[in-house]
Amino acid sequence: MKKKHKKLSALLVAIFSLLFITNSKAQTTLYAGDVAFVGAQCTSGQADTFVMVLLKDIAANTEIGFTDGCWQDTANKFYFTGGNTYVDWLFFWKASANMYAGDTISFYTSTTADNVQGGPAYTSQGTITAGCGLNLKNNGDQIFAFQGVDALDTTTNYFVDPTRVLAGIHLNVNFA
């Protein structure tokens, strides 16, 4: 009987350890309102920058995508269009560690040359895992944060169909 008890105990320890390890590596599912944009700059001749604040705690490995692509709504299909250059496209960011509500993350291009060409994206925390920097236009543009990808075309039509849009901001827009 003791032998069975030891085996059962070892099995339970192994299962709980596996569950703990698996859950600690899972990303946090986010929804609209769990992040917000708190600042952005797209001044001609300067590097593009924007700042996001977390409104919910997130686990390490949580990934968020960003695009400055144009929102399309055709035939009940919603997606962001992009381009085969750095004009309107996307990149993905991943949290390197657990982060907490109130934490801010900055995203930027490093130089004016990056701004003109689109260039790579950089971040104050975490890592950029794929994509290119956004090339924000100083006469008006937008940035959307999203999570998950239902469809992505990087070869002909250049679009991304996100699972969930989390937040958006319009820059230099005149609503008058």
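Attention here is on the structure that accompanies the text. (Residues numbered from 1 in each chain as written. Predicted model: local features only at pLDDT ≥ 70, side-chain atom pairs only at ≥ 80, totals over all residues. Heavy atoms only, no water.)

1. A few points about the sheet that holds strand β1 (residues 35-41)
Sheet architecture is open: four strands sit in the order β1-β2-β7-β8, paired in antiparallel fashion. The open sheet has two free edges, formed respectively by β1 and β8 (122-123), since each of these has just one partner strand. Taken together, the six bridges between β1 and strand β2 (residues 49-54) define a ladder with antiparallel strand orientation. Directly across from Gly 39, in β2, lies its bridge partner Val 51. (Pairing = 2+ DSSP bridges. Helix = DSSP H or I, 4+ residues; strand = E, 2+ residues; numbered from the N terminus.)

2. Section: the nonpolar core
The biggest cluster of nonpolar side chains holds 24 residues, and the ones touching the most others in it are Val 35, Ile 64, Phe 66 and Trp 93. Contributions of two or more residues to this core are made by β1, β2, β3 (63-67), β6 (90-94), β7 (104-108), β10 (141-153) and β11 (159-171). If near-sequence neighbours (up to four positions away) are discounted, Val 35 is found in contact with Leu 30, Met 52, Val 53, Leu 54, Leu 55, Ile 64, Ala 145, Leu 166 and Ala 167. (Core = buried A, V, L, I, M, F, W, Y, C linked by side-chain atoms within 4.5 Å. Buried < 20%, exposed > 50% of the residue type's maximum accessible area, 1.4 Å probe, protein only. Contact = heavy atoms within 4.5 Å.)

3. Let's talk about the pairing of β7
By the alternation rule, side chains of β7 split into Ile 105 and Phe 107, which are all buried, and Thr 104, Ser 106 and Tyr 108, of which none is buried. Bridge count for β2 against β7 is five bridges, and the pairing is antiparallel. Bridged to Phe 50 within β7 is Phe 107. Across two bridges, the pairing between β7 and β8 is antiparallel. In the sheet register, Tyr 108 faces β8, and the bridge partner there is Tyr 122.

4. Quick notes on the pattern of salt bridges
It is possible for side chains of opposite charge to pair when their charged atoms get near one another. The final tally for this structure, using the stated rule, is one salt bridge. Note that Asp 34 and Lys 56 form a salt bridge whose closest N and O atoms lie 4.0 Å from each other. Note that Asp 34 is positioned in the loop between α1 (2-25) and β1 and Lys 56 in the loop between β2 and β3, a separation of 22 residues in sequence. According to the relative accessible area criterion, Lys 56 is partly exposed, its value standing at 30%. (Salt bridge = Lys/Arg side-chain N within 4 Å of Asp/Glu carboxyl O.)

5. With respect to the packing of aromatic side chains
The full count for this structure, using the stated rule, is 11 aromatic pairs. Taking the centre distance of 5.7 Å and the plane angle of 50° together, the rings of Phe 91 and Phe 107 count as tilted. Residue Phe 91 is found in strand β6, and its partner Phe 107 is found in strand β7; the two are separated by 16 residues along the sequence. Its guanidinium or amino end placed over the ring of Tyr 31, Arg 164 lies 5.4 Å from that ring's centre, counting from NZ or CZ. (Phe/Tyr/Trp six-rings, centres within 6.5 Å; stacked < 30°, edge-to-face > 60°. Lys NZ or Arg CZ within 6 Å of the ring centre and 35° of its normal.)

Remember that the coordinates give geometry; whether it matters functionally is a separate question.
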